[in-house]
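A look at the structure
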Amino acid sequence: LEASHSKAFTGQQIVLNYVLYTRQNIESYDLLNEPDFEGFYAQPISDIRDQPQRKVINNKEYYVQTIRRVVLFPQKTGKYTIGPVNCSLAVPVENGQSSFFFRDTRKEQTTTNTLQLEVQQLPPSPPSTFSGAVGNFSMKARIQKNAVVTGEAIVIRMEVEGDGDGKIVQSPSFDIPEGLEKYEPTVIRDETFVKGDQIGRAHV
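Reference entry: report on the structure contained in this document. (Residues numbered from 1 in each chain as written. Predicted model: local features only at pLDDT ≥ 70, side-chain atom pairs only at ≥ 80, totals over all residues. Heavy atoms only, no water.)

1. Some words on the overall build of the protein chain
Counting its regular elements, the protein chain contains zero helices and 15 strands. Within the protein chain, the fraction of its 204 residues that count as buried is 30%. Taking as baseline every contact in the protein chain between residues at least 6 positions apart, the subset at least 24 positions apart corresponds to 68%. For the protein chain, the exposed area adds up to about 14100 Å²; of that, 48% sits on carbon and sulfur atoms. (Helix = DSSP H or I, 4+ residues; strand = E, 2+ residues; numbered from the N terminus. Buried < 20%, exposed > 50% of the residue type's maximum accessible area, 1.4 Å probe, protein only. Contact = heavy atoms within 4.5 Å. Areas by Shrake-Rupley, 256 points an atom, 1.4 Å probe, with all protein chains shown as cover.)

Below is the structure:
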């Protein structure tokens, strides 16, 4: 188990990778259990596009492959232990009976390490406009036209994108000039997408 951060704030994205290190061919694998993600909102990423790599550890070359990825959003402070995960491996056996369509295998079981994660409280005295979203965010705003007649609506479209927990992102508040009436914003698109080895969230 490998995590992008060992310390994080509540709401900050942590990427948890299940990584297989092997020096021999593996026919298949089966994860026998999932960690207890109590205290976290966990979202698995099904489409992992990482390319296999080779890595030398203690003068030995290993074949390295990420086999599962879960994104964690801490919900409360504290110290947490993640794992271990048990994994069953099917290892090919060269006994002269294998063919193009069939290969004999033997079962091996391995267990991952455990991870210690510490979730910290957000800094004190946040600004009054802070909604609780933690991460890297960007926002775009535009209007369809900048000249209207009396009674015609001016629609401001705002799009927020980032790697934090987008569920708690709120529309920014701002003052409007006298003579205009403001209506409560509505969400027209809220989607999650994979961006590199993280997930992003778009909120429009």
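Additional details are given in the paragraphs that follow.
2. Describing a nonpolar patch on the surface
Taken together, the side chains of I143, V148, I154, I156, F174, I176 and L180 make up a nonpolar region of the molecular surface, amounting to roughly 540 Å² of accessible area. With respect to the helices and strands, the residue I154 is situated in the loop between β12 (137-143) and β13 (156-162). What makes I154 partly exposed here is its relative accessible area of 44%. (Patch = residues over 30% accessible without salt bridge, like charges linked within 9 Å, V, L, I, M, F, W, Y side chains within 5 Å. Salt bridge = Lys/Arg side-chain N within 4 Å of Asp/Glu carboxyl O.)

3. A few points about the pattern of salt bridges
Summed over all chains, the structure comprises four salt bridges. Of the charged contacts in the structure, one is a salt bridge between R69 and D50, with a shortest N-O distance of 2.5 Å. Residue R69 is found in strand β7 (residues 60-74), and its partner D50 is found in the loop between β5 (40-45) and β6 (53-57); the two are separated by 19 residues along the sequence. Judged by its relative accessible area of 3%, R69 is buried. A residue is classified by how much of its surface remains accessible, and D50, at 30% relative accessible area, is partly exposed. The salt bridge involving R106 is made with E108; its shortest N-O contact spans 2.8 Å. For R106, a relative accessible area of 35% puts it in the partly exposed group. Owing to a relative accessible area of 33%, E108 belongs among the partly exposed residues under this scheme.

4. Quick word on the layout of surface pockets
Looking at the largest pocket, its volume works out to about 1200 Å³. Of all the elements in the fold, those that place two or more residues in the lining of the largest pocket are β12 and β13. At four residues, the largest contribution of residues to the lining of the largest pocket is made by β13. Split into classes, the residues belonging to the lining of the largest pocket amount to 20 nonpolar, nine polar and seven charged. The volume enclosed by the second largest pocket comes to roughly 410 Å³. If you go around the second largest pocket, you meet 22 residues; those closest to its centre are V19, L20, Y21, T110 and T111. Looking at the lining of the second largest pocket, the elements with two or more residues in it are β3 (14-22), β7, β9 (86-92) and β10 (105-111). Of the residues forming the lining of the second largest pocket, the biggest block, five residues, is contributed by β3. (1 Å grid on protein atoms, 1.4 Å probe; cavity = no way out; pocket = protein on both sides within 12 Å on 5 of 7 lines; lining within 4 Å. Points joined across faces, edges and corners; volume = space filled by probe spheres on them. Nonpolar A, V, L, I, M, F, W, Y, C, P; charged D, E, K, R; others polar.)

5. Points about the packing of aromatic side chains
In the structure shown here, the tally under the stated rule is three aromatic pairs. Each ring, one from Y21 and one from Y62, has its centre 6.5 Å from the other, and the planes form 75°; the classification is edge-to-face. Remark: Y62 occurs in strand β7 and Y21 occurs in strand β3; sequence separation between them is 41 residues. Of note, R68 hangs over the ring of Y18, and the distance from its end group to the ring centre comes to 5.8 Å. (Phe/Tyr/Trp six-rings, centres within 6.5 Å; stacked < 30°, edge-to-face > 60°. Lys NZ or Arg CZ within 6 Å of the ring centre and 35° of its normal.)

6. Looking at the environment of G78
Relative to the elements of secondary structure, G78 occurs in strand β8 (residues 78-82). The spacing of G78 and V119 is 41 residues in sequence and 5.3 Å in space, taken between C-alpha atoms. If near-sequence neighbours (up to four positions away) are discounted, G78 is found in contact with L117, E118 and V119.

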